[in-house]
Structures are given as structure tokens and as C-alpha cells.
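# Commentary on secondary and tertiary structure
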Amino acid sequence: MVRINGEDVSADGVTIAQHLEREGSNPARVAVMINGEILPKAQYDTKMNDGDEVEIVGFVGGG
């Protein structure tokens, strides 16, 4: 299991890009942190592993 935003998800072996696509998230509008390290967008092909802690934060515009 991978813990994504505090929730256990069966995503072992899934890339960040695949997960974002599944969730309908635009990769250009999110920031991702894996195990406390910010993941550059160029590395969204990184596979998540069992036990990883992932945080995904979306950007919202407004004014």
C-alpha cells in the first residue's frame, strides 16, 4: 500500500503520472512530494513503492 494524502491506496508500481491521470488531475497544476522530498515534474514517471508516503497538492487560482 502507498499512503497518498493520508489515505492508503493500492498503487505499488504505479507511476505518479499514471495516478494523476486516473484521478483526473492536471500534472501542470499539482506539486508532488514523496517521502518528504519534492518530486520535479520531469520525474513524474517515478513509480510509487509499497510503504511510500505521497502528498499531492493542487494549485487553485483566484482573486
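Placed above this text is the structure.
Residues numbered from 1 in each chain as written. Predicted model: local features only at pLDDT ≥ 70, side-chain atom pairs only at ≥ 80, totals over all residues. Heavy atoms only, no water.

### Describing the pattern of salt bridges
For clarity, the cut-off: By definition, a salt bridge exists where a carboxyl oxygen of Asp or Glu is found within 4 Å of a side-chain nitrogen of Lys or Arg.
In this structure the tally under the stated criterion is 1 salt bridge. The partner of Asp-8 in a salt bridge is Arg-3, with the nearest N and O atoms 2.7 Å apart.

### A look at the sheet that holds strand 2 (residues 7–9)
Stated formally: Strand pairing is assigned whenever DSSP identifies at least 2 bridges connecting the two strands. Helix numbering and strand numbering both begin at the N terminus, where a helix is a DSSP run of H or I of at least 4 residues and a strand a DSSP run of E of at least 2. For helices, the fitted line uses only the C-alpha atoms of the stretch in contact; every axis is such a line through C-alpha atoms, and the angle between N-to-C directions lies from 0 to 180 degrees.
On the basis of which strands lie adjacent, the open sheet formed by 5 strands has the order 2-1-5-3-4 and mixed pairing. Whereas interior strands pair on both sides, the edge strands pair on one side only; in this sheet they are strand 2 and strand 4 (37–39). Direction aside, the axes of adjacent strands within the sheet are offset by 30 degrees on average. Looking at chain direction, strand 1 (residues 2–4) and strand 5 (residues 53–58) are connected through 2 bridges and run parallel. By the bridge assignment for strand 5, Arg-3 is matched with Glu-53.

### Considering the pairing of strand 3 (residues 30–34)
Spelled out, the test is: Under the scheme applied here, a residue whose accessible area is under 20% of the maximum for its type counts as buried, over 50% as exposed, and between as partly exposed, the area being computed with a 1.4 Å probe on protein chains only.
The alternating pattern of strand 3 places Val-30, Val-32 and Ile-34 on a buried face and Ala-31 and Met-33 on a face that is not buried. As defined by bridge partners, strand 3 adjoins strand 5 across 5 bridges and the pair is classed as antiparallel. From the neighbouring strand, Val-32 faces strand 5, where its bridge partner is Ile-56. By the bridge criterion, 3 bridges tie strand 3 to strand 4 in an arrangement that is antiparallel. From the neighbouring strand, Met-33 faces strand 4, where its bridge partner is Ile-38. Taken together, strand 3 and the strand that follows it, strand 4, pair antiparallel across an intervening segment of 2 residues, in which Asn-35 is found at a positive phi of about 50 degrees.

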